[in-house]
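Observations on the model geometry
So the chains spell out like this:
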Amino acid sequence: MIEPPRIGVRPVIAPVAESWHLIDGWLAKHAPASQASLRPPASPEAIDRTEEQLGFTLPADLRESLQCHDGDSSYLGVLPCGPLYSTERIVEIRDMRMSIWDADDPDQHDEPWWGTLWVPFAGSDGDEHFIDAGPGLWHDHLGRAAHDDSACFVGWPSLAAWLHCVAQAMLHHDNRSRLEPVHQPMLPGDGTVSW
């Protein structure tokens, strides 16, 4: 189906919980082993404790996502970002990053390795996906910080926008002619999903 371009109208982005509902339903049908690796929702107390340990408020989309699933226990990740972090792991990864980060490094201004208000939400092997919780132009944007290189923003204005597109890629996984901003998932036949 051909859709006309949208000029001057912001795209409709589903709330995080709605995207997770679609993702969970698709996984239950097509990749139950991956579905089983998603953790239950984080408790309000766990989320509050995370914010207390971070020293600032989590981005609203991440808070809503954690209320759906407190990370996942898979090796490669259920979504195309590596394993999702639990509330505890978010604090651990950020603390590790902050202990290495050098605010006085002159390269930090032009090619930052980490930011003080970045919140890791997924990753592996020291390569983190993060959300900018700070004020300004990049507020709520998603980024990627490699363990051995400078960080960058990856074009997603929010976790909600990205999860919406992940859900759509899943729902249309068997339509290879449909172009999605997220690569369509693959089903290797063992009850898992891979990206």
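As a starting point, this report considers the structure included with it. Everything numeric here is computed off the predicted structure, so don't read it as measured data. (Residues numbered from 1 in each chain as written. Predicted model: local features only at pLDDT ≥ 70, side-chain atom pairs only at ≥ 80, totals over all residues. Heavy atoms only, no water.)

1. Some words on the overall build of the chain
A tally of regular secondary structure across the chain gives seven helices and four strands. Traced from its N-terminal end to its C-terminal end, the chain shows the element sequence α-α-α-α-α-α-β-β-β-β-α. For a compact globule of 195 residues, the expected C-alpha radius of gyration is about 16 Å, and the chain comes in at 17 Å, within 12% of that figure. Here the C-alpha coordinates of the chain stretch approximately 50 × 40 × 30 Å along the principal axes. Burial statistics for the chain: of 195 residues in total, 46% are counted as buried. Of the contacts made within the chain by residues no fewer than 6 positions apart, 52% connect residues no fewer than 24 positions apart. When the accessible area of the chain is evaluated, it comes to approximately 10,800 Å², of which 54% is carbon and sulfur surface. (Helix = DSSP H or I, 4+ residues; strand = E, 2+ residues; numbered from the N terminus. Rg over C-alpha atoms; globule rule 2.2 N^0.38 Å. Buried < 20%, exposed > 50% of the residue type's maximum accessible area, 1.4 Å probe, protein only. Contact = heavy atoms within 4.5 Å. Areas by Shrake-Rupley, 256 points an atom, 1.4 Å probe, with all protein chains shown as cover.)

2. Quick look at helix α3 (residues 44-54)
Those residues of α3 lying buried are A46, I47, T50, E51 and L54. The arc enclosing the buried residues of α3, seen along the axis, measures out at 140°, which places them on a common side. Of the residues in α3, the exposed ones pointing more than 90 degrees away from the buried face are P44, E45 and E52. Residues of α3 that are buried make contact with α4 (60-66) and α5 (87-100). Where α3 ends, the next residue or the one after it, G55, has phi of about 90°, a positive value. (Arc of directions from axis to C-beta.)

3. Some thoughts on the pairing of strand β2 (residues 127-132)
Across the six residues that make up β2, a large majority, six, are buried. Along β2, one buried face is formed by D127, H129 and I131 and the opposite face, lined by E128, F130 and D132, is buried too. Pairing of strand β1 (residues 118-124) with β2 involves six bridges; the strand directions are antiparallel. Following the sheet pairing, A122 is matched in β2 by H129. The turn joining β1 and β2, which pair antiparallel and follow one another in sequence, is formed by two residues; a positive phi near 55° is taken by D125. (Pairing = 2+ DSSP bridges.)

4. So, the environment of R94
Examined against the element boundaries, R94 turns out to sit in helix α5. Taking the C-alpha atoms as reference, R94 lies 26 Å from C165; in sequence the two are 71 residues apart.

5. Focus on the environment of P181
Its location among the elements puts P181 in the segment after α7 (159-171). In this structure P181 comes out as exposed when scored by relative accessible area, which is 55%. C-alpha separation for the pair P181 and S158, spaced 23 residues apart in sequence, amounts to 14 Å. With sequence-adjacent residues up to four places away left out, P181 is seen in contact with W156 and C165.

6. A short note on the packing of α3 against α5
Where α3 meets α5, the closest approach of the two axes is 9 Å, and the angle between their N-to-C directions is 10°. Here α3 lies roughly parallel to α5, going by the angle between them. Residues A46, I47, T50, Q53 and L54 of α3 form the contact with α5, whose participating residues are T87, I90, V91 and R94. Classifying every residue of the contact of α3 with α5 gives five nonpolar, three polar and one charged. (Axes fitted to C-alpha atoms, helices over the stretch in contact; angles between N-to-C directions. Parallel < 35°, antiparallel > 145°, perpendicular 65-115°, else oblique. Nonpolar A, V, L, I, M, F, W, Y, C, P; charged D, E, K, R; others polar.)

7. Digging into the pattern of salt bridges
Evaluation of the coordinates by the stated rule reveals four salt bridges. Two residues, E51 and R63, come together in a salt bridge whose shortest N-O distance is 2.7 Å. Of the two residues, E51 is situated in helix α3 and R63 in helix α4; the sequence distance between them amounts to 12 residues. R178 serves as the salt-bridge partner of E180, at 2.2 Å between the closest nitrogen and oxygen. Linked by salt bridges that have partners in common, D48, E51 and R63 make up one network. (Salt bridge = Lys/Arg side-chain N within 4 Å of Asp/Glu carboxyl O.)

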